[in-house]
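Here is what each chain is made of, one letter per residue.
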Amino acid sequence: MNLRPLLIGLVAGQRSMTPLAAVALAARSGSRARDNGAPAVIGKRSAAIAASALAIGEMLGDKMRSAPDRTVPPGLAARLFAGGVAGAALAPRSSRASAAALGAAGAILGGYAGLALRKRAMRRFGQTRSGLAEDLLTLAATTLILRAGPKRQGPSVGREGDA
């Protein structure tokens, strides 16, 4: 069983846009397996730029006192979407529906578990330091999960017509 979609979903529970940006950048670089379940738009330059900008913005915004909990409905919706798309991108096309479901489930689980852990860390270390630690863990986990999978051979899906 491929656990990578669930694992990337857990990461999306912490930072919704980081896994999405990572799979978009991987699609741009051609390092994903040819037969992956990602939508073709993921390989577009505009998708990689937008997802990366949103990931950076999310990391910056997370340190603000006004940042909402990740379990508010819009935050959960973003995590559900990102976990599902990133999960599908890490599985063969034939398994994309189940991989998307695993990614989405992991994102919800990760969102609630991550919020509980972050609140404890914030009491001890403050919002900024706990957020920076969470950013580092998110980036490291995302990198390890993407590197653990099969590598791509041939031209990248969705790269033609760099819109």
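Details of the structure are given in the entry above.
What counts, and at which threshold
- Residues numbered from 1 in each chain as written.
- Predicted model: local features only at pLDDT ≥ 70, side-chain atom pairs only at ≥ 80, totals over all residues.
- Heavy atoms only, no water.
- Helix = DSSP H or I, 4+ residues; strand = E, 2+ residues; numbered from the N terminus.
- Contact = heavy atoms within 4.5 Å.
- Core = buried A, V, L, I, M, F, W, Y, C linked by side-chain atoms within 4.5 Å.
- Buried < 20%, exposed > 50% of the residue type's maximum accessible area, 1.4 Å probe, protein only.
- Axes fitted to C-alpha atoms, helices over the stretch in contact; angles between N-to-C directions.
- Parallel < 35°, antiparallel > 145°, perpendicular 65-115°, else oblique.
- Left-handed = near helix turned anticlockwise from the far one by under 90°.
- Expected span 1.5 Å × (residues − 1).
- Salt bridge = Lys/Arg side-chain N within 4 Å of Asp/Glu carboxyl O.
- Arc of directions from axis to C-beta.
- Nonpolar A, V, L, I, M, F, W, Y, C, P; charged D, E, K, R; others polar.
- Polar contact = N/O pair within 3.5 Å; in protein donor to acceptor, adjacent residues only side chain to side chain.

Some details on the environment of Pro-19
Piece 1. Relative to the helices and strands, Pro-19 resides in helix H2 (residues 17-29).
Piece 2. Between the C-alpha atoms of Pro-19 and Arg-79, which are 60 residues apart in sequence, the distance is 9.8 Å.
Piece 3. Here Pro-19 is in contact with Ile-8, Val-11, Ala-12, Ala-86 and Thr-142, once residues within four sequence places are set aside.

Looking at the nonpolar core
What tends to happen in soluble globular proteins is that the nonpolar side chains get buried as a cluster.
Piece 1. Ranked by size, the top nonpolar core spans 22 residues in total, and within it Ile-8, Leu-20, Val-23, Ile-42, Leu-90 and Leu-146 carry the most contacts.
Piece 2. Listed by contribution, the elements that provide at least two residues to this core are helix H1 (4-12), H2, helix H3 (45-62), helix H4 (73-89) and helix H6 (127-147).
Piece 3. The element best represented in this core is H2, accounting for eight residues.

Overview of the packing of H4 against helix H5 (residues 96-125)
Piece 1. As a packed pair, H4 and H5 sit with axes 7 Å apart at the nearest point and diverge in direction by 140°. By the angle between their axes, H4 is oblique relative to H5. As H4 packs across H5, the resulting crossing turns out to be right-handed. Contacts from Leu-76, Arg-79, Leu-80, Gly-83, Gly-84, Gly-87 and Ala-88 of H4 reach H5 at Arg-96, Ala-99, Ala-100, Gly-103, Ala-104, Ala-107, Ile-108 and Tyr-112.

Overview of H2
Piece 1. Look at H2: 18 Å from first C-alpha to last across 13 residues, which is about the 18 Å you get at 1.5 Å a residue.
Piece 2. Judged by how many residues are buried, H2 sits mostly within the fold: 11 of 13 residues are covered.
Piece 3. Listed in full, the buried residues belonging to H2 are Met-17, Thr-18, Pro-19, Leu-20, Ala-21, Ala-22, Val-23, Ala-24, Ala-26, Ala-27 and Arg-28.
Piece 4. Along its buried surface, H2 packs onto H1, H3, H4 and H6.
Piece 5. Positive phi shows up at Gly-30, right after H2, with a value of about 80°.

A word on the pattern of salt bridges
Piece 1. In the structure shown here, the tally under the stated rule is 10 salt bridges.
Piece 2. Of the charged contacts, one joins Asp-69 and Lys-119 as a salt bridge, the two residues approaching to 3.6 Å between their closest N and O atoms. Taken together, the residues Asp-69 in the loop between H3 and H4 and Lys-119 in helix H5 connect sequence positions 50 residues apart.
Piece 3. Among the residues examined, Asp-69 registers a relative accessible area of 35% and is labelled partly exposed.
Piece 4. Overall, the relative accessible area of 38% leaves Lys-119 in the partly exposed class.
Piece 5. What emerges from the salt-bridge pattern is a single network uniting Arg-15, Asp-62, Lys-63, Arg-70, Arg-118, Glu-134 and Asp-135.

Quick look at H1
Piece 1. Within the sequence span of H1, burial applies to Arg-4, Pro-5, Ile-8, Gly-9, Val-11 and Ala-12. Down the axis of H1, the buried set is contained in an arc of 155°. They therefore lie on one face.
Piece 2. In this structure, the buried residues of H1 make contact with H2, H4, H5 and H6.

Focus on the packing of H1 against H5
Piece 1. The N-to-C vectors of H1 and H5 enclose an angle of 35°; their axes lie 6 Å apart at closest approach. The crossing of H1 and H5 is right-handed. On H5, the residues that touch Pro-5, Leu-6, Gly-9, Leu-10 and Ala-12 of H1 are Ala-99, Leu-102, Gly-103, Gly-106, Ala-107, Leu-109 and Gly-110.
Piece 2. The class makeup of the residues in the contact of H1 with H5 is eight nonpolar, four polar and no charged.

What to know about the side chain of Arg-70
Piece 1. Topologically, Arg-70 is positioned in the loop between H3 and H4.
Piece 2. Assessed through its relative accessible area of 6%, Arg-70 is described here as buried.
Piece 3. There is a polar contact of 2.9 Å between the side chain of Arg-70 and the side chain of Gln-14.
Piece 4. Not counting residues up to four positions away in its chain, the partners in contact with Arg-70 are Gly-13, Gln-14, Arg-15, Gly-75, Leu-76, Arg-79, Gly-111, Gly-114, Leu-115, Arg-118 and Glu-134.

Structural measurements only, silent on function.
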